[in-house]
Amino acid sequence: RFKILKPKETDWFKPASTIFIEAQVIHPQNEIEDGKEGEVILVDKVLPDRLTYDQSENKIAGFVTLPKELPDGKISARLRLSDRQGQSGEKNFKINIDRQPPVLILNERGTLFSNSQNSIPIPLQDAGCGVDSGGTRLTIAGVSFEVTATSESQLILKTRSPLTDGSYEVSVIARDLVGNTGLATAFSLIVDTTLPKLVLSSIEGRTDQTKIKVAGIAEDNYLATIKIYVNQKLIESFFPQEKSFNKEIPLLPGNNEIIVEALDQAGNRGLQSLKTFANLQSQASLVTKH
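I will try to describe carefully the structure that is included in this document.

Definitions and limits used
Residues numbered from 1 in each chain as written. Predicted model: local features only at pLDDT ≥ 70, side-chain atom pairs only at ≥ 80, totals over all residues. Heavy atoms only, no water. Core = buried A, V, L, I, M, F, W, Y, C linked by side-chain atoms within 4.5 Å. Buried < 20%, exposed > 50% of the residue type's maximum accessible area, 1.4 Å probe, protein only. Helix = DSSP H or I, 4+ residues; strand = E, 2+ residues; numbered from the N terminus. Contact = heavy atoms within 4.5 Å. Pairing = 2+ DSSP bridges. Axes fitted to C-alpha atoms, helices over the stretch in contact; angles between N-to-C directions. Salt bridge = Lys/Arg side-chain N within 4 Å of Asp/Glu carboxyl O. Polar contact = N/O pair within 3.5 Å; in protein donor to acceptor, adjacent residues only side chain to side chain. Phe/Tyr/Trp six-rings, centres within 6.5 Å; stacked < 30°, edge-to-face > 60°. Lys NZ or Arg CZ within 6 Å of the ring centre and 35° of its normal.

## So, the nonpolar core
Formed by 24 residues in total, the largest nonpolar core has its most connected members in L42, I60, L66, L79 and I95. Of all the secondary-structure elements, those providing two or more residues to this core are β1 (2-6), β3 (18-25), β4 (37-42), β6 (51-54), β7 (59-65), β8 (73-82) and β9 (88-97). Residue contacts for L79: discarding those within four places in its chain leaves F2, I4, A23, E39, V40, L51, I60, G89, E90, K91 and F93.

## As for the sheet that holds strand β25 (residues 244-250)
The strand order across the open sheet built from three strands is β20-β22-β25, with neighbouring strands paired in antiparallel fashion. At either end of the open sheet lies a strand with only one pairing partner, and these are β20 (197-200) and β25. For this sheet the average axis-to-axis angle between neighbouring strands, irrespective of direction, equals 30 degrees. Across seven bridges, the pairing between strand β22 (residues 211-219) and β25 is antiparallel. Counted as the bridge partner of I217 is S244 from β25.

## Observations regarding the side chain of T276
In this structure, T276 sits in strand β27 (residues 269-278). Judged by its relative accessible area of 3%, T276 is buried. Setting aside residues up to four positions removed in sequence, T276 forms contacts with I203, E204, G205, R206, T207, I212, L251, G254, N255, N256 and I258.

## Regarding the sheet that holds strand β19 (residues 185-191)
As summarised here, the arrangement of the five strands in space is β11-β19-β18-β14-β15, forming an open sheet in which the pairing is mixed. Looking at which strands have only one partner, the edges of the open sheet turn out to be β11 (111-114) and β15 (143-145). Taking each pair of neighbouring strands and ignoring which way they run, the sheet shows an average axis angle of 35 degrees. The sheet contact formed by strand β14 (residues 137-140) and β15 spans three bridges and is antiparallel.

## Regarding the pairing of β22
The two faces of the sheet receive side chains in turn, since in a regular strand these alternate between them. Strand direction decides the pairing type here: β20 and β22, joined by four bridges, are antiparallel. Residue V199 lies in a different strand from β22, and its bridge partner there is I217.

## Structural notes on the pattern of salt bridges
Considering all chains together, one arrives at nine salt bridges under this definition. One salt bridge in this structure joins E90 and R78, with 3.2 Å as the shortest N-O distance. Of this pair, E90 sits in strand β9 while R78 sits in strand β8, placing them twelve residues apart in sequence. Overlapping salt bridges bring together E39, D44, R50, R78, R80 and E90 as one network.

## Quick look at the environment of T207
With respect to the element layout, T207 can be found in strand β21 (residues 206-207). On a C-alpha basis, the gap between T207 and R80 in space is 82 Å, while along the polypeptide they are 127 residues apart. Excluding anything up to four places from it in sequence, T207 contacts L251, T276, F277, A278 and N279. There is a polar contact of 3.0 Å between the side chain of T207 and the backbone nitrogen of Q209.

## Concerning the pairing of β6
Only one face of β6 is covered, namely the face carrying L51 and Y53; the face carrying T52 and D54 is uncovered. Summarising the sheet, β4 and β6 pair through two bridges and their orientation is antiparallel. Note that in β6 the partner of E37 across the bridge is T52. Relative to β7, β6 is paired through three bridges, and the arrangement is antiparallel. Looking across to β7, one finds that Y53 is bridged to I60. With antiparallel pairing between neighbouring strands as the criterion, β6 and β7 make up a hairpin whose turn holds four residues, including N58 at a positive phi of roughly 55 degrees.

## Observations regarding the packing of aromatic side chains
Taken as a whole and judged by the stated rule, the model has three aromatic pairs. Ring geometry for F20 against F63: centres 5.0 Å apart, planes inclined by 50 degrees, an arrangement best described as tilted. Taken together, the residues F20 in strand β3 and F63 in strand β7 connect sequence positions 43 residues apart. Across the ring face of F238, the terminal group of K247 is positioned such that the distance to the ring centre comes to 4.6 Å.

This is the structure:
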């Protein structure tokens, strides 16, 4: 029997890399010769490199070179060792392979928006070992900036001085923790800290109707969505084709607090609220009398 010590389940490797494999050997009869060689089988193929058994430590270890053509993900592997009687013992384990560099996720226009002037998330995704913040290079208008990692798939650009609102040309060369490096990817960064301007038309403070029209004007260079809530419940979510909008929304019996929220692509929010009382019980009593 074996207990795999290295590689760990959380270790990642590139194809064609040389890795160290070590296992504790459990053999009550101690009938394995010192220096006995063991095999590593990867995807049903025996690797040419061999591991060596150390009788004093009851361990088998050695370096093996992985094949060049290996798919991404968890690769099935086996460790095999024979005793003096020719009886073989095997242990199945996994080797994590990552052959792809991180990918930058942008909108269809290749633009990244931010409402922060000095702490900007860079949306890199890596399905394997994670992004290497120290090995990833990012430049703005040809000037290099450092990035820090907050997780395996999120980098934060920290600027020495705040970036003013506006558009910047950015280039990033992403690298992961096992050395996969992508090509230089250029994109536009738009820093926008201005809240959307939102103006609503007034409504009646009291109504007998089951619906009411909410109208207004939303102004922003990068407007994304307008949302309408009634008593904290989302009723409408839409992109206005023009600056002005007009929506008929349902009311609840009694007090109704209507909140209109305008959001831009950088995440800035503009809020306005309206209140009305819907006297729907009187309407229901009229229907009953008829």
